[in-house]
Amino acid sequence: MRIDLEPIGIIKKSGKNSEILIYSEFEQVVKSLVSKLGKTSLKGKDVLVVHKSRNTDDVHQVEISRAKVIGRVGNILKIGKINANDDSVIDIRPDVSESIAIANE
């Protein structure tokens, strides 16, 4: 089976951190992320970033990176440093593994 996914943004290194620029036509992704994480600030929340590395030749491989959100300005998410630069972003999701662990305690 072959699935082609359109990237929703791009990851750029920014000093000690990384930034995810969400393309304007996919701004709903950011709004959805904010609604899933709650009305409070995104700062300090963990997210999972699904991205396609430009360093690999295999067009079918993606990477999943966990990062803390440092801040948000419009459609730019500033996150902790991840090992990616100029990677295409496929999806961003809240990291629910922490909430599951807390609920099970």
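Residues numbered from 1 in each chain as written. Predicted model: local features only at pLDDT ≥ 70, side-chain atom pairs only at ≥ 80, totals over all residues. Heavy atoms only, no water.

A. Summary view of the nonpolar core. In this structure, I20, I79 and I92 are the most contacted members of the largest nonpolar core, which totals 18 residues. When residues of this core are traced back to their parent elements, those giving at least two are β2 (17–22), α1 (27–37), β3 (46–52), β4 (63–73), β5 (76–80) and β6 (88–94). Ranked by residues supplied to this core, first place goes to α1 with three residues. Dropping the residues within four chain positions of it, I79 is found in contact with N17, S18, I20, V49, A67, K68, V69 and I70. (Core = buried A, V, L, I, M, F, W, Y, C linked by side-chain atoms within 4.5 Å. Buried < 20%, exposed > 50% of the residue type's maximum accessible area, 1.4 Å probe, protein only. Helix = DSSP H or I, 4+ residues; strand = E, 2+ residues; numbered from the N terminus. Contact = heavy atoms within 4.5 Å.)

B. Local environment of α1. Turning to α1, its buried residues number three or more, namely V30, L33 and L37. Looking straight down α1, one finds that the buried residues subtend no more than 60° of arc, so they occupy a single side. In α1, the exposed residues that point more than 90 degrees away from the buried face are Q28 and S35. In this fold, the buried residues of α1 make contact with β2, β3, β4, β5 and β6. (Arc of directions from axis to C-beta.)

C. Examining the pattern of salt bridges more closely. By the definition in use, this model includes four salt bridges. Taking the shortest distance from any N to any O, the salt bridge between K68 and D46 comes out at 3.1 Å. Of the two residues, K68 sits in strand β4 while D46 sits in strand β3, which places them 22 residues apart along the sequence. On the basis of relative accessibility, which here comes to 43%, the residue K68 falls in the partly exposed class. With relative accessibility at 9%, the residue D46 sits in the buried group. The closest approach of N and O atoms between R66 and D95, which form a salt bridge, is 2.4 Å. (Salt bridge = Lys/Arg side-chain N within 4 Å of Asp/Glu carboxyl O.)

D. Structural detail: the environment of L33. On the secondary structure map, L33 appears in helix α1. Each C-alpha atom, one on L33 and one on P94, is 6.9 Å from the other, the two residues being 61 residues apart in sequence.

E. View of the sheet that holds β2. Ordered in space as β1-β2-β5-β4-β3-β6, the six strands form a closed barrel in which the pairing is antiparallel. Between one strand axis and the next, the sheet turns by 45° as a mean value, whatever way the strands run. Contacts from α1 reach β2, β3, β4, β5 and β6, with the element oriented near 20° to β6. (Pairing = 2+ DSSP bridges. Axes fitted to C-alpha atoms, helices over the stretch in contact; angles between N-to-C directions.)

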